[in-house]
Amino acid sequence: MAFGWFSGKKDPAGKALEKADRLAGQGRWAEALSYYEEARDAASGSEPARNGVRACREQLVAFNLSEAAAYETAGDPGKAREHAALALDLAAGEAALASRARQVLDRLEGPGAASAASPAAPGRLFPPSCGCSAPCGPGEAAEGEGEAPVEDLYGFYLEALSPEERDAFEALEGEGDFPEGFVLLQQGETRLARPLLEAARSAYPTQPGPHYALGLLAALEKDPEAAGRYFAQALEVGPGFSPAAHHRADVLRESGSPAEGAAFLRRWLQGHPDDGEAWVLLAACSLEAGDPAACLEASEEGARRMPPADPRANLLKARALRRLGRPDQALGALQAVAARRPDLLEALVPIGDILLEKGGASAERAAEVFKRCYRLDPERGWVYRLRLAQAYAARGWPAEAKDMLAEARAELPDAPEARERWEEVRRILEGSAAKGP
């Protein structure tokens, strides 16, 4: 899956894809789904975003069907149907997933099944543990009854969190409405989640978890001012709670204040110098704030502290080196990433671009790189065909360049920016032909 940070100047789709990739890597499938759908709706992120949407829906559907089977085995068909219905809803337009969920739900809704349903409390997504129709307060569930679905879901989502987040939320497990509010947040039900999380914040004002969860909710609702305020409150009560620091800096960066995000991270790193994620974020903020030298320094610090398999620090390092006019060193950093991740377009595309800029024999190598990109990302094949046309022209093969330009024209999407890009490359090739060998 492509990382959204490193493909040049970041558009809204790139930002959404970056956020989605990070959330999916943490197992936050419902939150990630919202951002993948945002990126999918923009032309610049269609293929990776569509793959992400399906991956999230697969995870959410599989979990809820598993829960449905478990409750059916335990003799609780009402809760089994609830999970099967939720799976069907989460499948959305994915035909295969919807078919799986529909088969389970149809079986559970067979003759006589409706009378066994356990009605949910009004205004709540999850039923009370006692199975009655009246809303229960904390600790009012009937003894001897099974756990409500929210408790299982809460445990499922906790398993996917970072250790720091898990510790903060486990301190609130069983405390009032927080678990249900957090589950609703994970499933994108922000309207229902908000009052529960607000109540938890009022009940436990010295715990960072409720403040942090409300920050996540505000970020999901695209309210950066509120998100930053909640993350700042989480840090006030938990000064060492790094997830809140990371999200606060990210919110500043995504809302158009990367320099402010960088200043905040520098202050944070004075007390937390081994926070590799913060170094990577500082590198990204610095680059977007127009300071490639600071980006280079921060990315090198981040690379020393992050797992070797994480490419972000080295990708940022390569972008900084290119901005500083050191393409050969940038190429080396990118090739090191590609050696570990040979399918990572975020490394392959800039490798091809640097080789194309070198021209001559390097342009032929660039053509091979762009052919590989085309195979990995056929949805945006026209982009790589245009680069191939430029590579052929730079290599001194005008006939091949002309043919490739025509093939790119046949694949252009119906979008003004695509046509403009094609015209730009056509003019470049005409200028090259006019100059002659």
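The structure under discussion appears in the preceding block.
This is a predicted model, so every value here is computed, not measured.

1. Some words on the overall build of the protein
Secondary structure summary: the protein contains 22 helices and zero strands in total. Taken over 437 residues, the protein has a buried fraction of 50%. In the protein, of all internal contacts separated by at least 6 residues, the share reaching a separation of at least 24 is 55%.

2. Describing the packing of aromatic side chains
The final tally for this structure, using the stated rule, is nine aromatic pairs. With a centroid separation of 6.1 Å and an interplanar angle of 85°, the aromatic rings of Tyr154 and Phe182 are classed as edge-to-face. Separated by 28 residues along the polypeptide, Tyr154 in helix 6 (residues 149–159) and Phe182 in helix 8 (residues 178–186) bring together distant segments of the chain. Here Tyr154 falls in the buried class, since its relative accessible area comes to 1%. What makes Phe182 buried here is its relative accessible area of 0%. Here Phe169 and Phe178 contribute two aromatic rings whose centre-to-centre distance is 5.4 Å and whose plane-to-plane angle is 40°, an arrangement assigned as tilted. Residue Phe178 is classed as buried on the basis of its relative accessible area of 1%. An aromatic cluster is present here, built from Tyr154, Phe169, Phe178, Phe182, Tyr212, Phe231 and Phe241 joined pairwise through their rings. Sitting over the ring of Tyr230, Arg229 keeps its end group 5.7 Å from the ring centre.

3. Remarks on the side chain of Arg253
For Arg253, the position within the fold is in helix 12 (residues 242–254). Within the structure, the side chain of Arg253 is placed 3.1 Å from the side chain of Glu288, a separation counted as a polar contact.

4. Some points on the side chain of His211
Structurally, His211 can be placed in helix 10 (residues 208–220). The class of His211 is buried, set by a relative accessible area of 7%. Residues in contact with His211, not counting those within four places in the same chain, are Arg201, Pro205, Tyr230, Gln233, Ala234 and Val237.

5. Regarding the packing of helix 15 (residues 292–305) against helix 16 (residues 312–323)
Across the interface, helix 15 lies against helix 16 with an axial gap of 8 Å and an inter-helix angle of 155°. Classified by the angle their axes make, helix 15 and helix 16 are roughly antiparallel. At the point where helix 15 passes helix 16, the crossing takes the left-handed sense. Contacts between helix 15 and helix 16 pair Pro292, Cys295, Leu296, Ser299, Glu300, Gly302 and Ala303 from the former with Ala313, Asn314, Leu316, Lys317, Ala320, Leu321 and Arg323 from the latter. Here the residues of the contact of helix 15 with helix 16 are counted per class, giving eight nonpolar, three polar and three charged.

6. Looking at empty space enclosed by the protein
By the definition in use, this model includes two cavities of 30 Å³ or more. Here the largest cavity defines a volume of roughly 60 Å³. Lining the largest cavity, in full, are Lys19, Leu23, Glu31, Tyr35, Leu216, Ala219, Leu220 and His247. Of all elements in the fold, only helix 1 (12–25), helix 2 (29–40) and helix 10 reach the threshold of two or more residues within the lining of the largest cavity.

7. Section: helix 7 (residues 163–170)
For an α-helix the count is 3.6 residues per turn, leaving residues at separations of three or four pointing the same way. Every buried residue of helix 7 is accounted for by Glu165, Ala168 and Phe169. Down the axis of helix 7, the buried set is contained in an arc of 90°. They therefore lie on one face. Exposed side chains of helix 7 directed beyond 90 degrees from the buried face belong to Pro163 and Asp167.

8. Quick look at a negative patch on the surface
There is a patch of like negative charges on the surface, built from Glu151, Glu159, Glu164, Asp167, Glu170 and Glu173. When residues of the negative patch are traced back to their parent elements, those giving at least two are helix 6 and helix 7.

9. Observations regarding unusual backbone geometry
The residue Lys222 is not glycine, and still its phi comes out positive at about 60°. Inspection of the secondary structure assignment puts Lys222 in the loop between helix 10 and helix 11 (224–237).

10. What about the nonpolar core?
Grouped together as the largest cluster of nonpolar side chains are 134 residues, with contacts concentrated most on Phe178, Phe182 and Leu185. Discounting residues that sit within four places of it in the chain, Phe182 has contacts with Tyr154, Tyr157, Leu161, Phe169, Leu197 and Ala213.

11. Considering the environment of Tyr71
Turning to its location among the elements, Tyr71 is positioned in helix 3 (residues 46–73). Residue class for Tyr71 comes out buried when judged on its relative accessible area of 9%. Along the sequence, Tyr71 and Glu82 sit eleven residues apart, while their C-alpha atoms lie 9.9 Å from each other.

Conventions we followed
- Residues numbered from 1 in each chain as written.
- Predicted model: local features only at pLDDT ≥ 70, side-chain atom pairs only at ≥ 80, totals over all residues.
- Heavy atoms only, no water.
- Helix = DSSP H or I, 4+ residues; strand = E, 2+ residues; numbered from the N terminus.
- Buried < 20%, exposed > 50% of the residue type's maximum accessible area, 1.4 Å probe, protein only.
- Contact = heavy atoms within 4.5 Å.
- Phe/Tyr/Trp six-rings, centres within 6.5 Å; stacked < 30°, edge-to-face > 60°.
- Lys NZ or Arg CZ within 6 Å of the ring centre and 35° of its normal.
- Polar contact = N/O pair within 3.5 Å; in protein donor to acceptor, adjacent residues only side chain to side chain.
- Axes fitted to C-alpha atoms, helices over the stretch in contact; angles between N-to-C directions.
- Parallel < 35°, antiparallel > 145°, perpendicular 65-115°, else oblique.
- Left-handed = near helix turned anticlockwise from the far one by under 90°.
- Nonpolar A, V, L, I, M, F, W, Y, C, P; charged D, E, K, R; others polar.
- 1 Å grid on protein atoms, 1.4 Å probe; cavity = no way out; pocket = protein on both sides within 12 Å on 5 of 7 lines; lining within 4 Å.
- Points joined across faces, edges and corners; volume = space filled by probe spheres on them.
- Arc of directions from axis to C-beta.
- Patch = residues over 30% accessible without salt bridge, like charges linked within 9 Å, V, L, I, M, F, W, Y side chains within 5 Å.
- Areas by Shrake-Rupley, 256 points an atom, 1.4 Å probe, with all protein chains shown as cover.
- Salt bridge = Lys/Arg side-chain N within 4 Å of Asp/Glu carboxyl O.
- Lys, Arg positive; Asp, Glu negative; His and termini not counted.
- Charge placed at Lys NZ, Arg CZ, Asp CG, Glu CD.
- Core = buried A, V, L, I, M, F, W, Y, C linked by side-chain atoms within 4.5 Å.

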